[in-house]
Amino acid sequence: MSPVAVLIGPPGAGKSTVGQLLAERLGVPFTDSDTIVETQQGRAISDIFLSDGEAAFRVMEREAVAGALAEHDGVLALGGGAPMTEGVRADLDGHPVVFLAVGLAAGVRRVGLSTARPLLAGVNPRATFSALLQERLPVYRAVARHEIATDDLEPEAVADAVLAALSPEADRAGR
Ligand SMILES: Nc1ncnc2c1ncn2[C@@H]1O[C@H](COP(=O)(O)OP(=O)(O)O)[C@@H](O)[C@H]1O
Ligand SMILES: O=C(O)C1=C[C@@H](OP(=O)(O)O)[C@@H](O)[C@H](O)C1
Ligand SMILES: [Mg+2]
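Residues numbered from 1 in each chain as written. Chains lettered and ligands numbered in written order. Predicted model: local features only at pLDDT ≥ 70, side-chain atom pairs only at ≥ 80, totals over all residues. Heavy atoms only, no water.

A word on the UniProt feature "binding site: substrate" (unreviewed entry) in the protein
- The positions UniProt marks with the feature "binding site: substrate" (unreviewed entry) are Asp34, Arg58, Gly80 and Arg136.
- When residues no more than four places from it in sequence are discounted, the contact partners of arginine 58 are Phe49, Gly81, Ala82, Thr85, Leu119 and Arg136.
- For arginine 136, the position within the fold is in helix 7 (residues 125–143).
- Its relative accessible area of 5% is what places arginine 136 among the buried residues.
- Excluding residues that lie within four positions of it along the chain, arginine 136 makes contacts with Pro11, Arg58, Gly80, Gly81, Met84 and Leu119. (UniProt positions renumbered as here; feature names shortened; annotations may be inferred. Contact = heavy atoms within 4.5 Å. Helix = DSSP H or I, 4+ residues; strand = E, 2+ residues; numbered from the N terminus. Buried < 20%, exposed > 50% of the residue type's maximum accessible area, 1.4 Å probe, protein only.)

Okay, here's the thing in structure tokens:
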């Protein structure tokens, strides 16, 4: 048992939204590493960052991802920073990882000023997002089998693109 698709990418790329759509299309369950952590902890991600700090969150996130990669037989969306943890990258090896890309303008527009993403809640979310993209793009690309630019696509169209990217693999796996 392991995921049929693992979605990675920066905040606002649409991993959670598209992941849900994709799971509905495929008739499989959907889960999200952020939801797993929040459920296990009984707290919101923003509260975990505030009281325990980012490093503690990354440990919880790694455990959540490892568990889902081993047990979740559906679509898995990761939190945007998960692939920055070395252990997560090692665990992702061999899985059908799809990178949902988003540019600075669309990414900032989509995440808005929501306090739900503590990393972007500082004084200059645009500068923070830009630095985050610079640091993470090479990592996302190194880990993913496919990359989909989402800036000009509605979530349904992104789901179509993920399906198209993965269908040759699914065929080979007899799914
Ligand atoms: N392709 C898209 N086009 C327009 N808005 C989108 C798209 N994908 C996601 N969104 C919106 O952007 C916000 C962040 O999406 P979300 O799925 O939470 O992203 P992620 O999980 O990658 O951080 C949500 O309000 C969602 O409705
Ligand atoms: O980029 C990040 O480091 C984070 C992204 C968030 O998930 P989304 O990418 O789903 O917003 C969430 O895991 C946490 O706020 C940290
Ligand atoms: Mg998400």
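Still more ground to cover, so stick around.
A word on the site of ligand 1
- With respect to spatial proximity, 14 residues lie near ligand 1, and among them Gly12, Lys15, Ser16, Thr17 and Leu153 are the closest.
- A distance of 3.3 Å separates an oxygen atom of ligand 1 from a polar backbone atom of alanine 13.
- For ligand 1, an oxygen atom lies 2.9 Å from a polar atom in the backbone of glycine 14.
- When the free accessible area of ligand 1 is taken as 560 Å², the share hidden by the protein chains comes to 73%.
- Among the secondary structure elements, those contributing two or more residues to the shell around ligand 1 are helix 1 (15–26) and helix 8 (155–172). (Near = heavy atom within 4 Å. Polar contact = N/O pair within 3.5 Å; in protein donor to acceptor, adjacent residues only side chain to side chain. Areas by Shrake-Rupley, 256 points an atom, 1.4 Å probe, with all protein chains shown as cover.)

Concerning the site of ligand 2
- Neighbouring ligand 2 are 13 residues, the closest being Lys15, Asp34, Arg58, Arg117 and Arg136.
- Within the side chain of lysine 15, a nitrogen or oxygen atom sits 2.7 Å from an oxygen atom of ligand 2.
- Note that an oxygen atom of ligand 2 is positioned 2.7 Å from one of the side-chain N or O atoms of arginine 136.
- Within the complex, the protein chains bury 95% of what would otherwise be the 380 Å² of accessible surface of ligand 2.
- Residue composition of the shell around ligand 2, grouped by class: five nonpolar, three polar and five charged. (Nonpolar A, V, L, I, M, F, W, Y, C, P; charged D, E, K, R; others polar.)

Quick notes on the packing of helix 6 (residues 104–111) against helix 7
- For the pair helix 6 and helix 7, the least separation of the axes is 10 Å and the interaxial angle reads 125°. For the element pair helix 6 / helix 7, the angle class is oblique. Seen from above, helix 6 lies across helix 7 with right-handed handedness. Every residue of helix 7 that contacts helix 6 at Leu104, Gly107 and Val108 is listed here: Arg126, Phe129, Ser130 and Leu133. (Axes fitted to C-alpha atoms, helices over the stretch in contact; angles between N-to-C directions. Parallel < 35°, antiparallel > 145°, perpendicular 65-115°, else oblique. Left-handed = near helix turned anticlockwise from the far one by under 90°.)

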